[in-house]
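Chain by chain, the residues:
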Amino acid sequence: MRVLSCDICKKKVDDPVTGRNFFFYQNRDICEVCKDALEVTIKNTVRTKQPFAYDWYRKLVMDNVEKSIQKGRV
Ligand SMILES: [Zn+2]
């Protein structure tokens, strides 16, 4: 059985399935709990952004991922 650990909360995920209980952001491994929390954070920022730009969005996502990894939580 494969085991991966989340780059943010460091929890281990048994039998990870990408897109179901495990997600990749570029080279980062993120568990479902952290991904959901990240999406909530990002959604709140995206709502205030006009006009919307995809490059900006991608950078925002990765900035939040890196920030969360440093903090050890989202
Ligand atoms: Zn996690």
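Criteria and cut-off values
Along every chain, residues carry numbers that run from 1 in the direction the sequence is written. Reporting in this predicted model follows two pLDDT cut-offs: at least 70 for local features of residues, and 80 or more for side-chain atom pairs to be given and counted; totals over whole chains, interfaces and linings ignore these cut-offs and use all residues. Between any two strands, pairing holds if DSSP finds at least two bridges. In this description a helix means any DSSP run of H or I spanning at least four residues, a strand means any run of E spanning at least two, and both kinds are numbered starting from the N terminus.

A separate point is the pairing of strand 3 (residues 22-25). Bridging between strand 3 and strand 4 (residues 28-31) involves four bridges; their strand directions are antiparallel. Looking across to strand 4, one finds that F24 is bridged to D29.

Moving on to unusual backbone geometry. In this chain, Q50 is followed by P51 through a cis amide linkage whose omega measures -15°. When you line up the elements, P51 lands in the loop between helix 1 (32-47) and helix 2 (54-71). The backbone phi angle of K10 is positive, close to 70°, even though this residue is not glycine. Within the secondary structure layout, K10 lies in the loop between strand 1 (3-5) and strand 2 (12-14). The backbone of Q26 sits at a positive phi, close to 50°, despite the residue not being glycine.

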